[in-house]
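What the coordinates show
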Amino acid sequence: SVTTGTLPPGLSLDATTGALSGTPTTAGTYPFAVGVTDSEAVPVTATQALSITVAKATTTTAIAASAPTLTTGKSETYTATVTSPVAPTGTVDFTDGTTPIATCQNVALTAAPPYTATCTLSYATAGTHSVTATYSGDASTSGSTSTAAPVTVTTAINPLTVTTTTVPGATVGT
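To start, this report covers the structure provided alongside it. Quantities reported herein were computed from a predicted structural model and do not represent experimental measurements.

1. A look at the state of the cysteines
Put plainly, a disulfide is one covalent bond tying together the sulfur atoms of two cysteines. The full count for this structure, using the stated rule, is 1 disulfide. In this model cysteine 104 forms its disulfide with cysteine 119; the gap between the sulfur atoms is 2.0 Å. A torsion of 80° about the S-S bond marks the disulfide between cysteine 104 and cysteine 119 as right-handed. Here the residue cysteine 104 occupies a position in the loop between β10 (99–100) and β11 (107–108), and cysteine 119 occupies one in strand β12 (residues 115–122), the gap between them amounting to 15 residues. Looking at cysteine 104, the relative accessible area reads 2%, which means it is buried. Classification of cysteine 119 by relative accessible area gives buried; the value is 1%.

Written out as C-alpha cells, the structure reads:
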C-alpha cells in the first residue's frame, strides 16, 4: 500500500498484488512510498520510497476555414481542432500572419470531443490572409500551433442598377 505521498491522479495500486494500473491524467512529479508487511508470526514491514514523473500529453492543432475565397463584408469562420489523448482544457488564440486577431484571443475549447474553438469575422478590404490557431496547453497537455489556413478576400462588386424615367408630354418624332 501507499504509506506516504500520493500516486498521480488516474493511477491506483492494488494492495493485494502490488500491481500499479491506470492512466495518469495530470502531469507532474509524484513522490510516494510503498510498504509491505509479511504474514509471519512476528510481522516484518518493508518500505520503499519511489517517484513517478508524468509528462504533459502532446497535442496537435489543426485549422480549417469555412471558405478559401470570399468577398469583402462576408463572414469567415475559422475552426481550430485540438487533438490529445486526454481532454484539453486550455484556450486558443487566432493569428493572421503575425498579428493577433483581437476578437479571437483566449477562445475556450468545447468541453466534449472533438475539442474545437471558432473565430468568426469579416474582412473590410480585399487581400490574402494566413490564419493560424495556437492552443495554450494546460496542466495535463502541451501547447501546439496549426499550420496556416490561407484565405483570399476579393472586392464585392455591386450590381449595376438602371433607373428609367418617363418624359412627360413627349411625342414620337417631334
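2. Description of unusual backbone geometry
Peptide bonds are mostly trans, and most non-glycine residues show a negative phi. Note that the residue after proline 113, namely proline 114, is joined by a cis bond; omega there is -5°. Checked against the element boundaries, proline 114 lands in the loop between β11 and β12. A positive phi angle, near 55°, is found at asparagine 106, a position not held by glycine. When you line up the elements, asparagine 106 lands in the loop between β10 and β11. Taking relative accessible area as the criterion, asparagine 106 reaches 56% and is therefore assigned exposed.

3. A look at the environment of threonine 145
Tracing the backbone through its elements, the reader meets threonine 145 in strand β14 (residues 144–145). In sequence terms threonine 145 and threonine 125 are 20 residues apart; their C-alpha atoms lie 27 Å from each other. Those residues in contact with threonine 145, other than ones at most four positions away along the chain, are Thr61, Thr132, Ala133 and Thr134. A polar contact is formed between the side chain of threonine 145 and the side chain of threonine 134, at a distance of 3.2 Å.

So, how was this worked out
- Residues numbered from 1 in each chain as written.
- Predicted model: local features only at pLDDT ≥ 70, side-chain atom pairs only at ≥ 80, totals over all residues.
- Heavy atoms only, no water.
- Disulfide = S-S within 2.5 Å.
- Helix = DSSP H or I, 4+ residues; strand = E, 2+ residues; numbered from the N terminus.
- Buried < 20%, exposed > 50% of the residue type's maximum accessible area, 1.4 Å probe, protein only.
- Contact = heavy atoms within 4.5 Å.
- Polar contact = N/O pair within 3.5 Å; in protein donor to acceptor, adjacent residues only side chain to side chain.

Any functional reading would require information that these geometric values do not contain.
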